[in-house]
Each structure stands twice: as structure tokens, then as C-alpha cells.
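# Structural features, examined
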Amino acid sequence: MHDDPSACYAALRARDLSADGRFFTCVVTTGIYCRPVCPARPPLQKNCRFVATAAEAAAAGFRACKRCRPDSVPGSPAWLGSAGSVRRALALIDRGALDADGDAAVEALGDRLGLGGRQVRRLFARHVGAPPVAVAQARRLAVAAGLIDAGTMPLGQVALAAGFGSIRRFNELYRSVHGETPADRRRRSLKGLVMQLTLSRYDAPVGELLVVTDSDNRLRALDFADFEARMRTLLTRHYGAVALSEGRLADDIAGALDAYFSGDVAALDSLAVATGGSDFQRNVWAALRRIPAGTTTGYGVLAASLGKPGAARAVGLANGANPIGIVVPCHRVIGASGALTGYAGGVERKRWLLRHEGAI
């Protein structure tokens, strides 16, 4: 990759994680060499020289950057840097480190990491795209959802067991994310009420598609048949108890898919969709639908369009959790270097879709 300066500089500008370790940037004006994910401001392209290894940069007389530590062992704490601190913070949050909301809890988390609270917030904004308190709240809500569905614990105890210090706060947050109160979900569970969805099948050139719609004919999921188990897991995670009944695909959806695979690559744009997920995930998925067919974008560019220029990794995670493939076109997001990177349906399918749309 180092022999393509344009691709290297694009990856450097986007701090593309997929390019980390594939080349190093030597800055002739400072005499320093860096990794493509270095948090420092990118130098001008005319001042950059790209090499394949850190040893090559050192042999040319360049010094290792003290911020991104390109001379360290890949995977070591020095190499992981701030990303490693975030990973440790997430592990502590999973163990309840932020069960008490507020600034004091974030400061205490920072103390355990050897960081200040303000630095912890900055790292989460850059790497996760959400404040640490929001991440902790999402974890508590997931725990609460499982306890509600179990049906053996009063809701007040559910709130406390999930880590909420206030039942009122638990009810407010749960309703804002799930669109129903914890009591509503418990009643559905106890009465055997489940979300009724229709599962249809469509034979596409890239494989059989599973199409899930609700009673209003809105798409709730679209996935490849060989990933049916994953699709069912995502539906349960978002909606709780779900019943999928096999049924005929609605004419408007079938017609749009026919048109798309026949060459009208904008035919899916008008289909109605409805998703669960967090506010951030839904914002990412909405942004995906604004990427025109026949074009691609990068994770960093997409993050910047959402007003979160440092959240490329969080955008990538939301992209991977997209429940409505093709219609919500996560396949149009590629690495800054032009690499197709991962795709839940497989990279070959991603390549086929982009070629079909005329993007590659």
C-alpha cells in the first residue's frame, strides 16, 4: 500500500483503522514518522513520504512519534494507546463502573484508568461516538430487558438489579429508547403478546433474501438466508418477543427489488423502513440511506456528516449492526484506502452490489 501515495494520504486523513500497520508516514518537515491512525493533525501531502515498515523509517533517520508510538509492538498497550484505554473503560463499565450516573462516576472511572474525567469523555467521543454515561445506560437497559422478559422480578427490583439508582429514571430512559414502558413490555411478555412480523423470501442474484415486514408493511429486517440466525437475534434484541410468520412478499416491495436488480438502482429509496436501536444507530442508518446509489463513502466521512468527526469506529459498529441490508445501504461504506473492508453478507456480495450500482 505504501507505493500508492494518494491512497496512503486518504487513509491518513481519515485515520483509517484498516490501514494501521500497513504503512508508516515520514514527515520531512519534522523528521518524525507516524502510524496512519496518529491523533496529531495530518501534515500536508507534499511533506509526506510513505514506507512499508517502521524499521525503514528509522533507517532513513526519522524519529518515532511519541503520540502514536509507531516503534512499539503491535497489540501492546503502547501500540493500542487511547483505543486501549477505551477498551479497558468499556470492560469496567460492563462490570458496573458507571452504575451511578453523573460526573463523579466518570471521574472515578478515570481514576481507575489513570486519566481525568474530561479526557475519558474526549476518548469516548473520538472512539465510541457516545459519552461514557450513555454507554453505561445502554448496558443497563439491555440487562433490564432480559430481567423484564424473565417475568420473575418486580419492576422496581429490575431497575435496581440492572444498576439504576432511580426507578423514575429507569422508566423515562427505557421509554425513550424502546418506545414503551417497562410495564408495557412486561404485560406483553406475561400475556404472551409478541410483535407479529411477516417473513417473506426473495430470490436475488446474490442469494436468497429474507424480508421481514410489520403490519404497516414497513421493512424491519432484510438479510441473506444463510444468516437467518443472526437476523432473528437482532430482531429479538431490538423488540423482545417476536413471532415471524411466513407470508407473501408485498407487491410494492417485490416490485422495488425487481427494479433494483434489473438495473434501476434507485428503486429502493422510497421503501418505508422502521428500526429499533439507539439514537446514534438510527442516525447512522438514516445517513446510509442518503448515500446515492453508484457512489461510496468512508467511515470517517460518514461520522463527520453526523457531526462526530472522531467517531469512525462507532459508525463502523453501527454499520455492522444494520438490520435492513441493501435497502439501508451499508455496503456503500468502504475504507479510506478504497478497500471494501467487512460486510455482514460477505465481501464478495458487497463487491457484487457495488459493481451492480456502478460504484466500482
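Above: the structure in question.
Let me sum up the structure you'll find in this document. Keep in mind that what you see is a predicted model, and the values were worked out from it rather than measured.

Basis of the calculations
- Residues numbered from 1 in each chain as written.
- Predicted model: local features only at pLDDT ≥ 70, side-chain atom pairs only at ≥ 80, totals over all residues.
- Heavy atoms only, no water.
- Helix = DSSP H or I, 4+ residues; strand = E, 2+ residues; numbered from the N terminus.
- Rg over C-alpha atoms; globule rule 2.2 N^0.38 Å.
- Buried < 20%, exposed > 50% of the residue type's maximum accessible area, 1.4 Å probe, protein only.
- Contact = heavy atoms within 4.5 Å.
- Areas by Shrake-Rupley, 256 points an atom, 1.4 Å probe, with all protein chains shown as cover.
- Lys, Arg positive; Asp, Glu negative; His and termini not counted.
- Charge placed at Lys NZ, Arg CZ, Asp CG, Glu CD.
- Pairing = 2+ DSSP bridges.
- Axes fitted to C-alpha atoms, helices over the stretch in contact; angles between N-to-C directions.
- Arc of directions from axis to C-beta.
- Salt bridge = Lys/Arg side-chain N within 4 Å of Asp/Glu carboxyl O.
- Phe/Tyr/Trp six-rings, centres within 6.5 Å; stacked < 30°, edge-to-face > 60°.

## Notes on the overall build of the protein chain
When you go through the protein chain residue by residue, the secondary structure sums to 15 helices and ten strands. Here the protein chain has a C-alpha radius of gyration of 23 Å; the compact-globule value for 360 residues is 21 Å, and the two agree. C-alpha atoms of the protein chain, sized along the principal axes, occupy 70 × 55 × 30 Å. Sorting the 360 residues of the protein chain into buried and exposed places 43% on the buried side. A fraction of 58% describes how many contacts in the protein chain between residues 6 or more apart in sequence connect residues 24 or more apart. When the accessible area of the protein chain is evaluated, it comes to approximately 17,000 Å², of which 53% is carbon and sulfur surface. Taking the average location of the 46 positive side-chain charges in the protein chain and that of its 32 negative ones, the two points are 9 Å from each other.

## Digging into the environment of V128
Mapping V128 onto the fold places it in the loop between α5 (117-127) and α6 (132-150). Sequence-wise, V128 and A91 are 37 residues apart; in three dimensions their C-alpha atoms are separated by 13 Å. In contact with V128, not counting residues within four places along its chain, are V86, L123, V135 and A314.

## What about the pairing of strand β7 (residues 219-224)?
Where burial is concerned, most of β7 is hidden: six out of the six residues are buried. Taken together, the five bridges between strand β6 (residues 207-213) and β7 define a ladder with antiparallel strand orientation. Bridge pairing in β7 links V212 to A221.

## Some details on the sheet that holds β6
Taken in spatial order, the four strands line up as β7-β6-β5-β8 in an open sheet, and their pairing is mixed. The open sheet has two edge strands with one neighbour each: β7 and β8 (242-246). On average, each strand axis in the sheet is tilted by 30° relative to the strand beside it, whichever way the strands run. Contacts between helix α10 (residues 228-239) and the sheet are confined to β5 (195-204), β6, β7 and β8, with β7 contributing the most and set at about 155° to the helix. Of the strands in this sheet, β5, β6 and β7 touch helix α11 (residues 251-261), which is tilted by about 30° from β5.

## Some details on the sheet that holds strand β3 (residues 48-51)
Spatial ordering of the open sheet is given by β3-β1-β2-β4, a layout of four strands whose pairing is mixed. Edge strands, defined here as strands with exactly one partner in the open sheet, are β3 and β4 (63-64). Sheet topology places strand β1 (residues 24-27) next to strand β2 (residues 32-34); three bridges connect them, and they run antiparallel. Across the sheet, T25 pairs through a bridge with C34, a residue of β2. Against the sheet, helix α1 (residues 5-14) contacts β1 and β3, and its axis sits at roughly 100° relative to β3.

## Section: helix α14 (residues 312-320)
All of the buried residues in α14 are A314, V315, A318 and N319. End-on view of α14: buried residues confined to an arc of 145°, all on one side of the axis. Summarising the geometry of α14, the exposed residues directed more than 90 degrees from the buried face are L317 and G320.

## Things to note about the pattern of salt bridges
For side chains bearing opposite charge, pairing can occur when the charged atoms are close. Scanning all chains against the criterion turns up 16 salt bridges. R201 is the partner of E228 in a salt bridge, and the nearest nitrogen-oxygen pair spans 3.9 Å. Taken together, the residues E228 in helix α10 and R201 in strand β5 connect sequence positions 27 residues apart. Here R201 makes a salt bridge to E246, at a shortest N to O gap of 3.0 Å. Here E246 lies in strand β8 and R201 lies in strand β5, a separation of 45 residues in the sequence. On the basis of relative accessibility, which here comes to 54%, the residue E246 falls in the exposed class.

## Side note on the packing of aromatic side chains
Scanning the entire structure with this criterion turns up seven aromatic pairs. For the ring pair F170 and Y174, a centre distance of 6.1 Å and an interplane angle of 65° mean the geometry is edge-to-face. Highlighted residues: F170 and Y174, both in helix α8 (residues 167-178), separated by four residues, approximately one helical turn. Per residue, the accessibility class of F170 equals that of Y174, and both read buried. Arranged with centres 6.1 Å apart and planes meeting at 20°, the rings of Y202 and F261 form a pair that is stacked.

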